[in-house]
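Results of the structural survey
So the chains spell out like this:
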Amino acid sequence: MLDCAIIGGGPAGLTAGLYTTRGGLADVTMFEKGMPGGQITMSSEIENYPGVTGHITGMDLMIPWPEQCQKFGLKHEMSEVTRVSRSSEGIFTIHKSDGTSAEAKSVIVCTGSTPKRAGFVGEDVYFGRGVSTCATCDGFFYKGKEVAVIGGGDTALEEALYLAKICSKVYLIHRRDTFRSAPSTIDRIKNTPNIELVLNAVPEEVSGDAMGVNGIRVGFKDGTTRQIDVPGVFVFVGNDVNNQVLKQEDGSFLCEMTPWGEVKVDLSMKTSTPGLFAAGDMREQAPKQVVCAAGDGAVAALQAIAYVDGHH
Ligand code: FAD
Ligand code: NAP
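This write-up is about the structure you can find in this document. Please read all numbers here as calculations on a predicted model, not as lab measurements. (Residues numbered from 1 in each chain as written. Chains lettered and ligands numbered in written order. Predicted model: local features only at pLDDT ≥ 70, side-chain atom pairs only at ≥ 80, totals over all residues. Heavy atoms only, no water.)

Further remarks concern helix α7 (residues 290-308). The terminal C-alpha atoms of α7, which comprises 19 residues, lie 27 Å apart, in line with the 27 Å expected from a rise of 1.5 Å per residue. When α7 is considered as a whole, its buried residues turn out to be Val290, Ala293, Ala294, Asp296, Gly297, Ala298, Ala300, Ala301, Ala304, Ile305, Ala306 and Tyr307. (Helix = DSSP H or I, 4+ residues; strand = E, 2+ residues; numbered from the N terminus. Expected span 1.5 Å × (residues − 1). Buried < 20%, exposed > 50% of the residue type's maximum accessible area, 1.4 Å probe, protein only.)

Structural data, given as structure tokens:
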């Protein structure tokens, strides 16, 4: 039986792997359905990972992480996990898509989350070349420039406020004329002079060239359109948390979740289920940054060691 099963091999899972093995757990396996590294490997540039200077890609950043973990004994299995269950005796079973399973004394789930796409023409083509789903990651690249934000929920409005501090102007494009977000956030938006509301506007097509995005066209109900010339388009139209592995056969979740599908954790990444920890983008209030996911993974690993040792 494994001392600890880690599900997902992004920054959170790999750091959990490093800390559990180096911290003395003898038998730890990380189950990752693809190549280790996580979603940051899709990024063409990361400049906010502390201590790492110069132009590096997300892939460059992540390449050494698995090797460092393997040095301390982390086993990596390329498998898709379909479900994690727990017996009344507290033993976890890791069910895999090939029909096999593994047992573990503790589990750290780090399967991340996936921002939704809005579906306008050019969104996928220019993703990472002007179209972004992360203001903290990419906002600085547009310092002093104009950008567009798509969406009318809490995330879109909060990220628009964040971008308004860095960019010269933010066009907040929303398909209706009322917002879903908290009234206090809407007030702040309306009182921010460099945010222009573009309402009842459906994003139709992002345009660009070899250098990347140069504008977005939006359409209105009366059939008219407007071209907004911006080098950056930030899309915040919701998020899919990769929480399927926690879903049980009866449709319930293995631990408590927030109403929007994130795992509820305390400050030590403990879930409501003993021996089960969650780390990274899938946990509630995650800042969705590599450095934070890695920090979560380390915290969860220290708690998993204490749990397996009986100090919990
Ligand atoms: P993830 O990185 O999403 O890793 C989850 C892993 O779990 C994946 O490898 C996935 O394959 C695996 N997995 C999922 N389900 C299963 C399953 N059922 N079985 C087995 N494996 C599974 N952050 C920054 O700090 N700075 C940046 O500049 C930055 N730029 C970004 C640019 C882009 C284009 C993107 C997409 C993200 C960017 N981020 C950036 C955010 C950063 O990538 C995430 O916050 C971070 O990767 C989250 O780490 P994680 O380990 O929680 O999840
Ligand atoms: P959300 O509340 O689902 O909002 C998504 C927004 O995107 C909506 O305004 C929606 O428009 C718009 N949208 C969806 N699909 C679109 C498309 N294809 N094209 C154009 N626009 C599209 O998502 P979220 O903002 O990420 O928030 C998710 C949850 O987290 C919410 O419950 C939110 O309250 C919560 N949250 C809370 C905080 C906080 O409390 N501080 C911060 C962030 C998130 P419509 O409105 O027309 O549907």
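Right, let's get into the packing of helix α1 (residues 11-22) against helix α3 (residues 64-71). Where α1 meets α3, the axes come as close as 8 Å, and the angle between the chain directions of the two elements is 20°. As summarised for this structure, α1 and α3 are arranged roughly parallel, according to the angle between their axes. The two elements α1 and α3 cross, and the hand of that crossing is left-handed. The residues of α3 that touch α1, namely those facing Pro11, Leu14, Thr15, Gly17, Leu18 and Thr21, are Trp65, Pro66, Gln68 and Cys69. Here the residues of the contact of α1 with α3 are counted per class, giving six nonpolar, four polar and no charged. (Axes fitted to C-alpha atoms, helices over the stretch in contact; angles between N-to-C directions. Parallel < 35°, antiparallel > 145°, perpendicular 65-115°, else oblique. Left-handed = near helix turned anticlockwise from the far one by under 90°. Contact = heavy atoms within 4.5 Å. Nonpolar A, V, L, I, M, F, W, Y, C, P; charged D, E, K, R; others polar.)

For strand β2 (residues 28-32), the tally of buried residues reaches five of five residues, placing the bulk of the element in the interior. Alternating residues of β2 divide into Val28, Met30 and Glu32 and Thr29 and Phe31, and every residue in both groups is buried. The pairing of strand β1 (residues 2-7) with β2 spans four bridges and is classified as parallel. Paired with Ile6 across the two strands is Met30, which belongs to β2. Crossover handedness for the path β1 to α1 to β2: right-handed. (Pairing = 2+ DSSP bridges. Right-handed = clockwise from strand over helix to strand, strands pointing away.)

Let us now look at the site of ligand 2. By nearness alone, 15 residues border ligand 2, and Asp154, Thr155, Glu158, Arg176 and Arg180 come closest of all. Note that an oxygen atom of ligand 2 is positioned 3.3 Å from one of the backbone N or O atoms of Gly153. Residue Asp154 places a side-chain N or O atom 2.6 Å away from an oxygen atom belonging to ligand 2. Protein chains shield 69% of the accessible area of ligand 2, which is 910 Å² for the free molecule. (Near = heavy atom within 4 Å. Polar contact = N/O pair within 3.5 Å; in protein donor to acceptor, adjacent residues only side chain to side chain. Areas by Shrake-Rupley, 256 points an atom, 1.4 Å probe, with all protein chains shown as cover.)

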